[in-house]
Amino acid sequence: MIRLQNVTKVYPNGSRGVEGLNLHIKKGDFVFIVGSSGSGKSTLIKLLLKELDPTSGEIIINRVKTNDLSRKQIPYLRRNLGVVFQDFRLLPNKTVYENVAFAMRVIEAPSRIIRRNVPAVLSLVGLGQKGRSYPNQLSGGEQQRTALARAIVNNPPILICDEPTGNLDPETAWGIMQLLDDINKRGTTIVMATHARDIVDAMQKRVVTLNKGHIIRDIEKGGYDDEA
Amino acid sequence: MRPSTIRYFLKEGFSGLRKNLLMTVASIIAVAACISIMSFSYCVVSNLQYMMDQMEDSIGISVFLEGDVTSEEIESLKTQISQIEHVTNVTYVSPADSLDKLKDEWGADEDIFIGLDDENNPLSHSFQIELDQIESQDAVLTALHNIEGINEDNVEYGQSVSELLVKISNVFQIAGIIVMLILGVISVMIIVNTIRISVVNRRVEINIMKYVGATDWFIRWPFIIEGIIIGLIGAIIPSLLGLPLYAKTVSLFYNYVPFVANFIRFRLTGDVFSFVLPAALLFGILLGVVGSVTSIRKHLQV
Ligand SMILES: Nc1ncnc2c1ncn2[C@@H]1O[C@H](COP(=O)(O)OP(=O)(O)O)[C@@H](O)[C@H]1O
Ligand SMILES: [Mg+2]
């Protein structure tokens, strides 16, 4: 589903984001990308989203070599990738319902399908009653659930999360993790960058560890510090 | 495109403008000023042109021949005059024809006609010359003077009025185009800025749109709609004000200077505005689109 071959990203100012990454993620995987701050997690996520292009190496998503995609094709790549960030990125002047429906509107989904899918996905993330609320009327956890609903409403095969629990207290974070686990069990491939040791240890999923831009550990099932 | 998508673009376009009301109003005023100048110069120039056309129909150049002329001389002169460039028609008028015409115009019973008949006719042999346009008059006059047997004293033409009209028309045309261009550039610049602010206001939204896979054009359209709305409103306002203003001005003119109506007719309001209205709308839209596209290119890195 996702394959990186010898991927290196050097930023224009010369600082090294990631270097020589080789990674293969299969359909249905749940993969943690861990590492301390500055280890290159966000750089890897941005490469997957084609927000950045690699300096060298190949990235293949869904059998498509994304290096070769033209600007015009990028939106269609992104429709395969749901994305959730640490800071939620909700539109403050739109309701929860509108925030989620927005993701369908901009890819020109039929109104009928929007009216059907948005309530369904809102109840899936436990916000069935909050459709009319505005983001500033919600707790952090509820805001992140809204963002999650927006990320999965178009049913992308891959969900990419960059520190999705970074702004949440441990209990709320745990709720989000259960939700991600549910979504993964429904068949969605999940790539989640985090430096939350407790969460990674508790989930016992695949863990890829970055250090100064290099993959230093890749274990099939384990915790934050487990040896390969 | 889905109707719901078009509705979405319109809604976003209008809401973008509402959130940025001051700049929107400034843009609309700039476009309206530009379109007013365009419409005003068109009204003036097209009316002057219309008047000149009327005069061209009636004026032309007349050449009067002195004394008795043989029919061979008449034929030869007629051929020479016909060959002058810009001359579209030459008619020979005999003294008898002229007399009949005068009698028609003044009434055959007038005292001045007593004792005048075909045998005793003081009027000259003459040619009526028609031109393709008033602007050609000078060239034709020069050519006429070069013909053997014709000199300045033989030639009559509607000189001063036509030359003045040509000059006024040219001045309005050139000044109109210059002012219009300047205002057009200013309008585009203000629109570019208005759309820029709109883009900045919506950068979070644009960012999210990109992540969920909106195409570049889907992101651009609401801003282009903003430009079109500015252009349309900026065109409609002066057109709607200009139409009754033109009609009123013309009727005032006819009322207060009634004798003028005998030899000058203005173009009908309907005729003028059946051109001005669509031209204004098109030009307004053009300004809006040029402004928004320029702004998108500079400020929207999608
Ligand atoms: N836009 C950027 N320009 C230059 N250097 C950057 C940029 N973003 C990240 N970096 C550098 O790349 C390295 C990895 O950063 P990042 O991927 O953000 O790490 P993480 O997400 O694991 O904290 C760091 O050394 C950082 O300074
Ligand atoms: Mg990061």
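Residues numbered from 1 in each chain as written. Chains lettered and ligands numbered in written order. Predicted model: local features only at pLDDT ≥ 70, side-chain atom pairs only at ≥ 80, totals over all residues. Heavy atoms only, no water.

### Considerations on the sheet that holds strand S7 (residues 158-162) of chain A
All names here are of chain A. Spatially, 6 strands are ordered S6-S7-S8-S3-S9-S10 in an open sheet, and the strand pairing comes out mixed. Across the chains shown, the open sheet's two edge strands, defined by having one partner strand only, are strand S6 (81-85) and strand S10 (214-222). Averaged over all pairs of adjacent strands, the angle between their axes in this sheet comes to 15°, without regard to strand direction. With 4 bridges joining them, strand S3 (residues 30-34) and strand S9 (residues 205-211) adopt parallel strand pairing. Looking across to S9, one finds that Val34 is bridged to Thr209. Sheet strands touched by helix H5 (residues 140-152): S6 and S7. Its angle to S6, the strand with the most contacts, is close to 165°. (Pairing = 2+ DSSP bridges. Helix = DSSP H or I, 4+ residues; strand = E, 2+ residues; numbered from the N terminus. Axes fitted to C-alpha atoms, helices over the stretch in contact; angles between N-to-C directions. Contact = heavy atoms within 4.5 Å.)

### Here's the deal with a nonpolar patch on the surface
Taken together, the side chains of B:Met1, B:Ile6, B:Leu10 and B:Phe14 make up a nonpolar region of the molecular surface, amounting to roughly 390 Å² of accessible area. Relative to the assigned elements, B:Phe14 resides in helix H1 (residues 3-18). (Patch = residues over 30% accessible without salt bridge, like charges linked within 9 Å, V, L, I, M, F, W, Y side chains within 5 Å. Areas by Shrake-Rupley, 256 points an atom, 1.4 Å probe, with all protein chains shown as cover. Salt bridge = Lys/Arg side-chain N within 4 Å of Asp/Glu carboxyl O.)

### Focus on the interface of chain B and chain A
In this assembly, 22 residues from chain B lie in contact with 24 residues from chain A. Here chain B and chain A share an interface that buries about 2,000 Å² over both sides, 56% of which is from carbon and sulfur atoms. Contact with chain A buries surface across chain B, with B:Ile208, B:Tyr211 and B:Val212 losing the most and accounting together for 35% of the total. Where chain B packs against chain A, one counts 1 salt bridge. A:Arg71 is paired through a salt bridge with B:Asp216; the nearest N and O atoms lie 2.5 Å apart. Among the secondary structure elements, those contributing two or more residues to the side of chain B that touches chain A are H1, helix H7 (203-211) and helix H8 (216-256) of chain B. If you tally residues by element for the side of chain B that touches chain A, the top one is H7(B), at 7 residues. (Buried area = accessible area lost by both parts, 1.4 Å probe.)

### Points about the domain arrangement of chain A
Residues and elements named next belong to chain A. Domain boundaries assigned for chain A yield domain 1 (1-80 + 157-222) and domain 2 (91-155). Relative to domain 2, the C-alpha centre of domain 1 lies at a distance of 24 Å. The interface of domain 1 with domain 2 comprises 12 residues on the first partner and 12 residues on the second. It is Arg79, Ile176 and Leu179 that lose the most area in domain 1 upon contact with domain 2, and together they represent 42% of the buried surface on that side. Taken together, the links from domain 1 to domain 2 amount to 1 residue pair in polar contact (both at pLDDT 80 or more). Looking at the side of domain 1 that touches domain 2, its residues break down into 8 nonpolar, 2 polar and 2 charged. (Domains from an automatic or database assignment. Polar contact = N/O pair within 3.5 Å; in protein donor to acceptor, adjacent residues only side chain to side chain. Nonpolar A, V, L, I, M, F, W, Y, C, P; charged D, E, K, R; others polar.)

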